[in-house]
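# Observations on chain architecture
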Amino acid sequence: MEANGSQPVSGGSVAIANTSDLAVQIRHLNYYFGQGELRKQALFDISLDFPCGQIAIITGPSGSGKTTFLSLIGALRTLHEGSLKVMGRELVGMSNSQLVEVRRGIGFIFQAHNLFESLTASQNVEMAVELMGNGSKRERAVTVLKRLGLENRVDYKPNSLSGGQKQRVAIARALVNQPQLILADEPTAALDKQSGRDVVNLMQQLAREQQCTILMVTHDNRILDVADRIINLVDGRLESDTSMNEFVTAHDPKNLDPRMFML
Ligand SMILES: Nc1ncnc2c1ncn2[C@@H]1O[C@H](COP(=O)(O)OP(=O)(O)OP(=O)(O)O)[C@@H](O)[C@H]1O
Ligand SMILES: [Mg+2]
């Protein structure tokens, strides 16, 4: 449920969706870097709901806290104040082993593809395969690589793949366990226009098929149309929260406020 239409919002005010339909529920989240006199607040009183199946784009100037925000949701950092539930489970107070379990249910895609250069495309994906369900690791890796159009590149190493192909291997790795949540930090930043478009189209298609939620940080305003919702962070604060459905029916997308995407 999009709470705020295209209106600017202040942190802390958000309509409540049916909580069982929420992939992520955040209340009054604050986060700080450093300690003592060097302590600096990076995120301020963020409250947001992300319903299951939603594709949300997070945008905002450099240093506005986008990566920090994603890494908290991904249980890669521990939040300092507030509440953060991922797939219904409160992360605050979890043990390390419980946090590892939460991370296993999330597909991560980063700007740098982070592939192992000494492993083939298939082996890179196989590394991520959880042993559950049917089929060997190799079969499952090859199936998802084929789905991403890489059937002829399964046994290639990253240095023989193009930038777009490497990023597709990284996406295959994120999707191979059919996660309910995908966190993507500038997944198209290193790609040319067409490869970037292909990658987000594939993410959108696979997300729809697998009913998963995608939170994607991007500066790339050419891919905004895949989003159901656009969230803008400025200086660690929630500046605006825009539902694309509501927005597109009321406005021509070409007239989106360009200030929202200023770097
Ligand atoms: N490890 C860290 N230690 C101290 N400060 C940090 C650390 N990581 C980030 N910060 C600070 O926190 C703020 C938010 O950083 P973050 O990386 O989340 O921004 P961002 O929106 O992802 O920026 P970009 O678009 O450049 O990737 C910045 O002021 C940054 O300098
Ligand atoms: Mg970042």
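Structural notes, computed from the coordinates.

Reading the values: rules and limits
- Residues numbered from 1 in each chain as written.
- Chains lettered and ligands numbered in written order.
- Predicted model: local features only at pLDDT ≥ 70, side-chain atom pairs only at ≥ 80, totals over all residues.
- Heavy atoms only, no water.
- Helix = DSSP H or I, 4+ residues; strand = E, 2+ residues; numbered from the N terminus.
- Buried < 20%, exposed > 50% of the residue type's maximum accessible area, 1.4 Å probe, protein only.
- Contact = heavy atoms within 4.5 Å.
- Areas by Shrake-Rupley, 256 points an atom, 1.4 Å probe, with all protein chains shown as cover.
- Pairing = 2+ DSSP bridges.
- Axes fitted to C-alpha atoms, helices over the stretch in contact; angles between N-to-C directions.
- Salt bridge = Lys/Arg side-chain N within 4 Å of Asp/Glu carboxyl O.
- Polar contact = N/O pair within 3.5 Å; in protein donor to acceptor, adjacent residues only side chain to side chain.
- Right-handed = clockwise from strand over helix to strand, strands pointing away.
- Phe/Tyr/Trp six-rings, centres within 6.5 Å; stacked < 30°, edge-to-face > 60°.
- Lys NZ or Arg CZ within 6 Å of the ring centre and 35° of its normal.

## Remarks on the overall build of the chain
A tally of helices and strands in the chain yields seven helices and ten strands. By residue count, 51% of the 263 residues in the chain fall in the buried class. Intrachain contacts of the chain at a sequence separation of at least 6 include 68% that bridge at least 24 residues. Carbon and sulfur atoms make up 48% of the accessible area of the chain, which totals about 12600 Å².

## With respect to the sheet that holds strand β10 (residues 237-243)
Read from one edge to the other, the open sheet built from six strands follows the order β6-β7-β8-β3-β9-β10, with strand pairing classed as mixed. The open sheet is flanked by β6 (106-109) and β10, the only strands paired with a single partner. Looking at each pair of strands side by side, their axes are set apart by 15° on average, direction ignored. Bridge analysis of strand β3 (residues 55-59) against strand β8 (residues 213-217) gives four bridges, and the strand direction is parallel. The partner of I58 across the bridge, within β8, is V217. Along the sheet, helix α6 (residues 193-210) makes contact with β3, β6, β7 (181-185) and β8, crossing β8 at roughly 155°.

## Some remarks on the sheet that holds strand β1 (residues 22-33)
Pairing within the open sheet is antiparallel, and its four strands lie in the order β2-β1-β4-β5. With one partner strand each, in any of the chains shown, β2 (40-51) and β5 (89-90) form the two edges of the open sheet. The pairing of β1 with β2 spans eight bridges and is antiparallel. Counted as the bridge partner of V24 is F50 from β2.

## Some details on the pairing of β10
When you tally the buried positions in β10, you get five out of seven residues, the bulk of the element. Note: strand β9 (residues 229-234) against β10, six bridges, orientation antiparallel. By the bridge assignment, V234 is partnered in β10 with R237. The turn linking β9 back onto β10 is made up of two residues, and D235 within it adopts a positive phi angle of 50°.

## Looking at the pattern of salt bridges
If you walk through the whole model with that rule in mind, you get eight salt bridges. Note that R138 and D155 form a salt bridge whose closest N and O atoms lie 2.9 Å from each other. With R138 in helix α4 (residues 137-147) and D155 in the loop between α4 and α5 (163-175), the pair connects residues that are 17 residues apart, well separated along the chain.

## A look at the environment of D192
Mapping D192 onto the fold places it in the loop between β7 and α6. With relative accessibility at 47%, the residue D192 sits in the partly exposed group. Once the C-alpha coordinates of D192 and G163 are considered, the two residues, 29 residues apart in sequence, prove to be 8.5 Å apart. Within the structure, the side chain of D192 is placed 3.1 Å from the backbone nitrogen of Q194, a separation counted as a polar contact.

## Things to note about the pairing of β7
β7 sits mainly inside the fold: five of its five residues count as buried. Taking every second residue as pointing to the same face, both faces of β7 are buried, with L181, L183 and D185 on one and I182 and A184 on the other. In terms of strand pairing, β6 meets β7 through four bridges, oriented parallel. Its bridge partner lying in β7, G107 is registered against I182. The pairing of β7 with β8 spans five bridges and is classified as parallel. The residue of β8 that forms the bridge with A184 is M216. Of the crossover connections in this fold, the one passing from β7 over α6 to the parallel β8 is right-handed.

## Some remarks on the packing of aromatic side chains
Geometrically, a pair of aromatic rings is defined through the distance of the ring centres and the angle of the planes. Counting across every chain of the model gives two aromatic pairs. For the pair Y31 and F33, a centre-to-centre distance of 5.2 Å together with 80° between the ring planes defines the contact as edge-to-face. By relative accessible area, which is 33% here, F33 ends up partly exposed. Here F108 and F110 contribute two aromatic rings whose centre-to-centre distance is 6.0 Å and whose plane-to-plane angle is 5°, an arrangement assigned as stacked. The cationic tip of R153 hangs over the ring face of Y156; the distance from NZ or CZ to the ring centre is 4.8 Å. The ring centre of F44 lies 3.8 Å from the NZ or CZ of R237, which sits over that ring.

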